[in-house]
Protein chains: 2
Amino acid sequence: MSWELTAADLPDLARGATLLGTGGGGDPYIGSKLVERVLGDGAITVLDPDELPDDAFVIPTAQMGAPTVMIEKIPAGTEPVLALRTLEEHLGRTADATMPIECGGINSMIPFVVAAETGLPVVDADGMGRAFPELSMETFAVYGVHGSPLALAGERGERVIIDTGDDDRQMERLARAVTIRLGGVGHIAEYAMSGADVKRTAVPRTISMALALGRAIRVAREQKRSPFEAIADTLAPTLYSHVRELFVGKVVDVDRRTTEGFARGLARIAPLDGGDELEIAFQNENLTARRGGELLAIVPDLICVVDHETAEPITTEGLRYGQRVRVLGISTPDLMRTPEALAAFGPAAFGLDETFRPVESR
Amino acid sequence: MSWELTAADLPDLARGATLLGTGGGGDPYIGSKLVERVLGDGAITVLDPDELPDDAFVIPTAQMGAPTVMIEKIPAGTEPVLALRTLEEHLGRTADATMPIECGGINSMIPFVVAAETGLPVVDADGMGRAFPELSMETFAVYGVHGSPLALAGERGERVIIDTGDDDRQMERLARAVTIRLGGVGHIAEYAMSGADVKRTAVPRTISMALALGRAIRVAREQKRSPFEAIADTLAPTLYSHVRELFVGKVVDVDRRTTEGFARGLARIAPLDGGDELEIAFQNENLTARRGGELLAIVPDLICVVDHETAEPITTEGLRYGQRVRVLGISTPDLMRTPEALAAFGPAAFGLDETFRPVESR
């Protein structure tokens, strides 16, 4: 069912989207402040995919760049709409709605910036079902909708259109190169598609799920209930039905560097009671959780680091020595675990040797 | 006066364009082979700028990238026209003619590839009057015609449009980033302008001058006359009227590396009779000729290394240990020596501390 989002929803949506960011995705708090500034007392219609006409024209919008840079480089606010307008002009067609390409992290918010400025509705769905580091890692692409032409806007009004036909990886490479030259952050509009294609290729209802997660954590805290039980209860009836607590411990080391436009590295978490440490490898987002010789969870399943008491999700940039944390593994929807999907954003897509094994199978 | 170019002219044009390449510009021989293949027995109209209607619509075409890569990466042949068509489509207007942005090196030939494939005429003028390493180093830009929007085409059919308004340096940076990701070479269409703007901002008759230079060198050799006198006689009545022999010697060292999409380095030439060596610094093209403490010539004047007997021009990639060479300094036209022009492509634009001093003033 379609619903209205107001500024009051933003803190909960930001919290849920940070969890779905699995360590990366950029900080949705910054994005929520952009939405708040434009939205004021207004409301944005969030369209359930089932209520989207098949012939509607949807242009997803997002920010691209390294989350480490996004923190220091707050967008001017005009770029998200400039990216949309540039693609509309190029295609000679105006959008009926926008949509996230990525419901985790700051990209849960960018379509709401666009919606607040243009009056467009936002479709309650996305193409990653979490956060991923590359523009080609989309269920849209997996199921036959390609990203080109992509429009990219920079903070000084730069406008770039990239068309690589059905080669989404080449589109990613060219857009990444431009984004790096723009100072590390660019705003994009891409994967323009029909309502019918949204229903066929997107991960449905991920915005409402992020909002529900963020709200459940907050309410549980207020009511002195376990936020971890609240997370599990919220996810149980969704496409993300399995949650596992993989580890409890204390952050002892984070090795992070920004290379080729990505934040890459390794976080180590020591158990409170001795024994092997947990190692989390990341490329913007968390890729693997490993303890001793054992792989506990692997991409595209969600590996989420949260505060050990409040369940507040912690991004890779937020990790600090001595923090006490829990590490959660959350199952991804089945449409993200097909062989085609795993080829696009499974372990091999990140140069990992391991085969995907569902987190709930352990 | 307008004239017709046929395949028989290509070797002479290539030789003259290599001289105007001042060490860089990419190898016009490869470009001439591309033209030959498409042109066959046909002819291309070369339009004198004076005969170009003021309301004609001209789209210059070129290749961009490091000459060191261009040698190893021969274009498929479809990219130059794809770049033109992409810009035409974006602007909603078809070109009446194409033109070089750079008459030195391979970019003397790319507009003829486009002309041979499309039937368009080529305007006898360009925006550099020689070769320069960056897209923003154009008399067009100096006198108020900007490069955006630029269209860029890759060998796998990639199409990119870049619009940075009147910021041509940012256009250069973004296009360079894309070109590097395309493997080091891209084809471009940019600086679209009216016939009136061509007359106002371009360096006129540089194609016919390159052809005349190449022909004069060849004919002098055939007639056992001095090719150096032939060069001086050919240039005397043009906008490039002063030629100075700066040095005669033997190549003893070339330090060259390809970084950030450019070939940068230093060539050292030892005199045949002892004394100080000549040092030539280059960024794709030769920037300075220095002997001991004395600066003999500096960009934008032309510093050309040629064979000491035949006057065959030698690019930086063609320099070999032991080669006997002469180094010529050639004066650039006055419209390339104004304060605005020197700001765009004078010494400071290359990070050099020296002030420009005309080669003929020594």
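Note that the coordinates shown come from a computational prediction; the quantities given were computed from them, not determined experimentally.

**Examining the overall build of chain A**
Counting its regular elements, chain A contains eleven helices and 18 strands. Since a compact globule built from 362 residues should have a radius of gyration of about 21 Å, the 19 Å found for chain A is in line with a globular shape. Along the first, second and third principal axes, the C-alpha set of chain A runs to 60 × 40 × 35 Å. The burial tally for chain A puts 61% of its 362 residues in the buried class. Contacts in chain A between residues far apart in sequence, at least 24 positions, make up 74% of those at least 6 positions apart. Summed over its atoms, the accessible surface of chain A is roughly 12,800 Å², and 48% of this surface lies on carbon and sulfur atoms.

**As for the environment of Pro11(B)**
Residue position: Pro11(B) is located in helix H1 (residues 10-20). For the pair Pro11(B) and Gly127(B), spaced 116 residues apart in the sequence, the C-alpha separation amounts to 23 Å.

**Digging into the interface of chain B and chain A**
Between chain B and chain A, the residue contacts involve 20 residues of the former and 20 residues of the latter. The salt bridge partner of Arg156(B) is Asp167(A), with a shortest N-O separation of 2.6 Å. Elements that contribute at least two residues to the side of chain B that touches chain A include exactly strand E8 (159-163) and helix H7 (168-181) of chain B. Broken down by element, the side of chain B that touches chain A gets its largest block of residues, eight residues, from H7(B). Of the residues belonging to the side of chain B that touches chain A, the class tally is eight nonpolar, four polar and eight charged.

**Looking at helix H4 (residues 79-91) of chain A**
All names here are of chain A. The end-to-end C-alpha distance of H4 is 18 Å, a good match for the 18 Å that 13 residues give at a rise of 1.5 Å each. Listing the buried residues of H4 in full gives Glu-79, Pro-80, Val-81, Ala-83, Leu-84, Thr-86, Leu-87 and Glu-88. Residues of H4 that are buried sit in contact with strand E4 (61-65), helix H5 (110-118), strand E7 (150-153), strand E8 (159-163) and strand E9 (185-189). Phi turns positive one or two residues past the end of H4, at Gly-92, with a value near 65°.

**Brief notes about the layout of surface pockets**
If a probe as big as a water molecule is rolled over the atoms, it shows which places are left empty. All names here are of chain B. Of the pockets and cavities examined, the largest pocket occupies roughly 350 Å³. Together, 19 residues line the largest pocket, and Thr-18, Asp-27, Tyr-29, Glu-312 and Pro-313 are the ones closest to its centre. Listed by contribution, the elements that provide at least two residues to the lining of the largest pocket are H1 and helix H2 (28-39). Here the residues of the lining of the largest pocket are counted per class, giving eight nonpolar, five polar and six charged. Shared between two domains, the lining of the largest pocket holds at least three residues of each, these being domain 1 (3-204) and domain 2 (237-361).

**Here's the deal with the domain arrangement of chain A**
All names here are of chain A. By domain assignment, chain A separates into domain 1 (3-204) and domain 2 (231-361). Relative placement of domain 1 and domain 2: their C-alpha centres are 24 Å apart. Taken together, the 34 residues of domain 1 in the interface contact 37 residues of domain 2. Summed over both sides, the interface of domain 1 with domain 2 buries roughly 2,800 Å², with 68% coming from carbon and sulfur. Where Arg-15 meets Glu-312, a salt bridge forms, and the shortest distance between an N and an O atom there is 3.3 Å. Seen at the junction of domain 1 and domain 2, the total is ten residue pairs in polar contact (both at pLDDT 80 or more). Counting only elements with at least two residues in the side of domain 1 that touches domain 2, the list comes to helix H1 (10-20), helix H3 (67-70), helix H6 (139-142), helix H7 (168-181) and strand E11 (203-204).

**Digging into the pairing of strand E1 (residues 3-6) of chain B**
All names here are of chain B. Side chains Trp-3 and Leu-5 of E1 all project onto a buried face; the interleaved residues Glu-4 and Thr-6 project onto a face where none is buried. With four bridges connecting them, E1 and strand E2 (residues 43-47) associate as antiparallel partners. Bridged to Trp-3 within E2 is Val-46.

**Comments concerning the pattern of salt bridges**
As enumerated under the stated definition, the model contains 44 salt bridges over all chains in all. Taking the shortest distance from any N to any O, the salt bridge between Glu88(B) and Arg85(B) comes out at 2.8 Å. Of the two residues, Glu88(B) and Arg85(B) both sit in helix H4 (residues 79-91), three residues apart, roughly one turn of that helix. On the basis of relative accessible area, Glu88(B) is assigned to the buried category, the value being 6%. Members of the salt-bridge network, linked through shared partners, are Asp12(A), Arg15(A), Arg218(A), Arg221(A), Glu222(A) and Glu312(A).

**Details of the relation of the copies chain B and chain A**
Superposition record for chain B on chain A: RMSD 0.0 Å, screw rotation 180°, translation along axis 0.0 Å. On the angle and the small slide along the axis, the relation comes out as a two-fold axis. Residue Ile161(B) of chain B places its C-alpha closer to the rotation axis than any other residue of that unit, at 2.4 Å. A share of 100% of interface residues in chain B that are also interface residues in chain A marks the association as one of identical surfaces.

**A few points about the packing of H7(A) against H7(B)**
At a minimum axis distance of 9 Å, the contact between H7(A) and H7(B) shows a crossing angle of 145°. Between H7(A) and H7(B) lies a crossing of right-handed hand. Mapping the contact onto sequence places Gln170(A), Arg173(A), Leu174(A), Arg176(A), Ala177(A), Val178(A), Ile180(A) and Arg181(A) in H7(A) and Gln170(B), Arg173(B), Leu174(B), Arg176(B), Ala177(B), Val178(B), Ile180(B) and Arg181(B) in H7(B). For the contact of H7(A) with H7(B), the residue count by class is eight nonpolar, two polar and six charged.

Quick notes on the rules
Residues numbered from 1 in each chain as written. Chains lettered and ligands numbered in written order. Predicted model: local features only at pLDDT ≥ 70, side-chain atom pairs only at ≥ 80, totals over all residues. Heavy atoms only, no water. Helix = DSSP H or I, 4+ residues; strand = E, 2+ residues; numbered from the N terminus. Rg over C-alpha atoms; globule rule 2.2 N^0.38 Å. Buried < 20%, exposed > 50% of the residue type's maximum accessible area, 1.4 Å probe, protein only. Contact = heavy atoms within 4.5 Å. Areas by Shrake-Rupley, 256 points an atom, 1.4 Å probe, with all protein chains shown as cover. Salt bridge = Lys/Arg side-chain N within 4 Å of Asp/Glu carboxyl O. Nonpolar A, V, L, I, M, F, W, Y, C, P; charged D, E, K, R; others polar. Expected span 1.5 Å × (residues − 1). 1 Å grid on protein atoms, 1.4 Å probe; cavity = no way out; pocket = protein on both sides within 12 Å on 5 of 7 lines; lining within 4 Å. Points joined across faces, edges and corners; volume = space filled by probe spheres on them. Domains from an automatic or database assignment. Buried area = accessible area lost by both parts, 1.4 Å probe. Polar contact = N/O pair within 3.5 Å; in protein donor to acceptor, adjacent residues only side chain to side chain. Pairing = 2+ DSSP bridges. Least-squares fit on C-alpha atoms with pLDDT ≥ 70 in both. Axes fitted to C-alpha atoms, helices over the stretch in contact; angles between N-to-C directions. Left-handed = near helix turned anticlockwise from the far one by under 90°.

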